Amino acid sequence: MDLLSLQYILFIGALLAAFYGLPAIRESLRRFQWILLLAASLLMYWQAGGIHILFILLTSCTIYVCGLLLSGVNTRMKGLRKDKALTKELKHLRRAELLRSKRLILTAGLGINFGILAYLKYWNALFPSGAGAGALILPFGISFYTFQSVSYLIDVYGGKYEAEQNYAHFLLFVSWFPQLLQGPIGRYDRLRDQLLGEHRPDREKAERALYLILFGLMKKYAIADMLSSPVSAILDGDLKTVPGSLVVFGILLYSAQQYADFSGGIDVIRGVSSLFGIELDLNFRQPYFSVSLGDFWRRWHISLGAWMRDYLFYPFALIKPMQNFGKWCQKHFGRHFGRVLPAGLANILVFFVVGIWHGAQLHYIFWGLYNGIVIALSDLTSPFWKGLGKKLGVKESSRGFHAFRILRTFLIVNIGWYFDRIYTAANELQAFRATLFRFDAGRFAQAFHDTVITPGGGSFAALGGFVIAAAALVLLCLDSIIRERGGDPFILLQRRGVLLRPALCYAVILLIFSSFVFTASAGGFLYANF
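Residues numbered from 1 in each chain as written. Predicted model: local features only at pLDDT ≥ 70, side-chain atom pairs only at ≥ 80, totals over all residues. Heavy atoms only, no water.

Draft legend 1. Structural detail: the overall build of the chain. When helices and strands are counted, the chain shows 22 helices and zero strands. Seen through its C-alpha atoms, the chain measures out along the principal axes to roughly 85 × 75 × 60 Å. As presented, the chain carries roughly 26,300 Å² of accessible surface, and 66% of it is formed by carbon and sulfur atoms. Counting 53 positive and 32 negative side-chain charges, the chain places the averaged centre of each group 9 Å from the other. (Helix = DSSP H or I, 4+ residues; strand = E, 2+ residues; numbered from the N terminus. Areas by Shrake-Rupley, 256 points an atom, 1.4 Å probe, with all protein chains shown as cover. Lys, Arg positive; Asp, Glu negative; His and termini not counted. Charge placed at Lys NZ, Arg CZ, Asp CG, Glu CD.)

Okay, here's the thing in structure tokens:
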């Protein structure tokens, strides 16, 4: 469903009217607000995915049952510790049995749900010409609700909290409709009380939510959609004859397109959720101001990075074989290698998995390995770079060095986008060849005209889209600079009087609706259906 469609706007409007209106008529109805949210979420999923609602019901049901079983085992293990009638040997045996049961339940829950995800997500990619090819359609938001559900199961396994006893409560956590499109991946302990709590209208929160929604829509429609066609025209064509300067320009456009598309969608999602009093986790924090690749991935898709850190990185890095490997490295190569090398291998594994999560295509795996290897090498060689900086007299606290680190990281990230956006190894090789050996800046204007302007149907449509995107990017940069400096654009606008706020809102609305002149229809989100 298009976020600016009349259908979606009416749906949200009607739901808000019922959510806050019914308790206003009768206060006792406020405790049933969560039921309204659950019904709306299931209705939205049915409207978007049809029969695929069975998959989200299957995930929620299996995870819920496994959570109850795990919670029961945890309770018996706690009782076992307090049982003074048993000998130490018998306690040890029963504890071992209970641990085996816990692992079996966790394995079953993970196996069922990751098995479903892998089958549906990768069947067509792995067997494009086999029986049933093309028959499997990826259920709406399956990666996001699977990861979110699995995080709950692992947390219950670890005893972080007790399992939810009410299936309907848990189903709302899994199916909360704003975040199904593309995240963020929520945590049960941070969302449960919000989803099930009683909510009252809050004017300031509503204004902040509408500001976030409006800005997110500008990112999506005035930047991402305006840049989509030029990016495709440059990077999906024959790169053998394209000068490297145009390839670099296409990658830079893609870096803006992808960020505006993904973060814009998240802004809308968080804004819509906030209208109902439910605050979702921040998923982007000015990633293009990062000072290292590791810092970039702590700012980009934060909820996925946190999921991978908590449920893959640490469990892998802290297993006994990796700890022993670290001790061996420390003995033979020194303390730094002993500490960093196991973490580097864990990072490579994490980004390999993230690459596969994006898709079964090789270019995603190359992209994941590129990021993991660069971060691992950066950590391993950090003493050398610090030593070199001291010899050269570089002041790490200086603004100049900070700006250099930002530009260096931006360059490293954009090299990675070659693997992410160019879909075949042959085209990736051609793109790198053109960038390194055939940059040819003098041919840029003609190549841009031939590749982007002429095929798009004339200069008015192509250049008009660029003007809109450029104006929106200026506003996005200003917003990012204010946030990076610790400011809050919303509060800043509140303090600047009555003229700036409406002027900015009208400007953003004008950019959004002007973008429709240059696109036949709104494009889908890049991360939808993940």
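So that's the structure; there's more coming.
Draft legend 2. Highlighting the environment of Gly109. The residue Gly109 is located in helix H4 (residues 88-126) in this model. On a C-alpha basis, the gap between Gly109 and Thr59 in space is 8.9 Å, while along the polypeptide they are 50 residues apart. Excluding residues within four positions of it along the chain, Gly109 makes contact with Ile63, Cys66 and Leu153. (Contact = heavy atoms within 4.5 Å.)

Draft legend 3. How the structure looks around a positive patch on the surface. A contiguous patch of positive charge, built from Arg81, Lys82, Arg95, Arg100 and Arg103, is present on the exposed surface. Put simply, the parts of the chain that give the positive patch at least two residues each are helix H3 (53-82) and H4. Broken down by element, the positive patch gets its largest block of residues, three residues, from H4. Assignment of secondary structure puts Arg81 in helix H3. (Patch = residues over 30% accessible without salt bridge, like charges linked within 9 Å, V, L, I, M, F, W, Y side chains within 5 Å. Salt bridge = Lys/Arg side-chain N within 4 Å of Asp/Glu carboxyl O.)

Draft legend 4. Seen up close, the nonpolar core. By size, the foremost hydrophobic cluster in this structure holds 130 residues, and its most contacted members are Tyr152, Trp176, Phe177, Met218, Phe276, Trp297 and Trp417. Leaving out residues up to four positions away in the same chain, Phe276 has contacts with Ile12, Leu15, Leu16, Phe19, Tyr20, Leu37, Trp176, Phe177 and His199. (Core = buried A, V, L, I, M, F, W, Y, C linked by side-chain atoms within 4.5 Å. Buried < 20%, exposed > 50% of the residue type's maximum accessible area, 1.4 Å probe, protein only.)

Draft legend 5. Spotlight on the environment of Leu235. Secondary-structure assignment places Leu235 in helix H9 (residues 203-235). Along the backbone, Leu235 and Ala431 are 196 residues apart, and their C-alpha atoms lie at a distance of 8.4 Å. If near-sequence neighbours (up to four positions away) are discounted, Leu235 is found in contact with Val247, Gly250, Ile251, Arg421 and Ile422.

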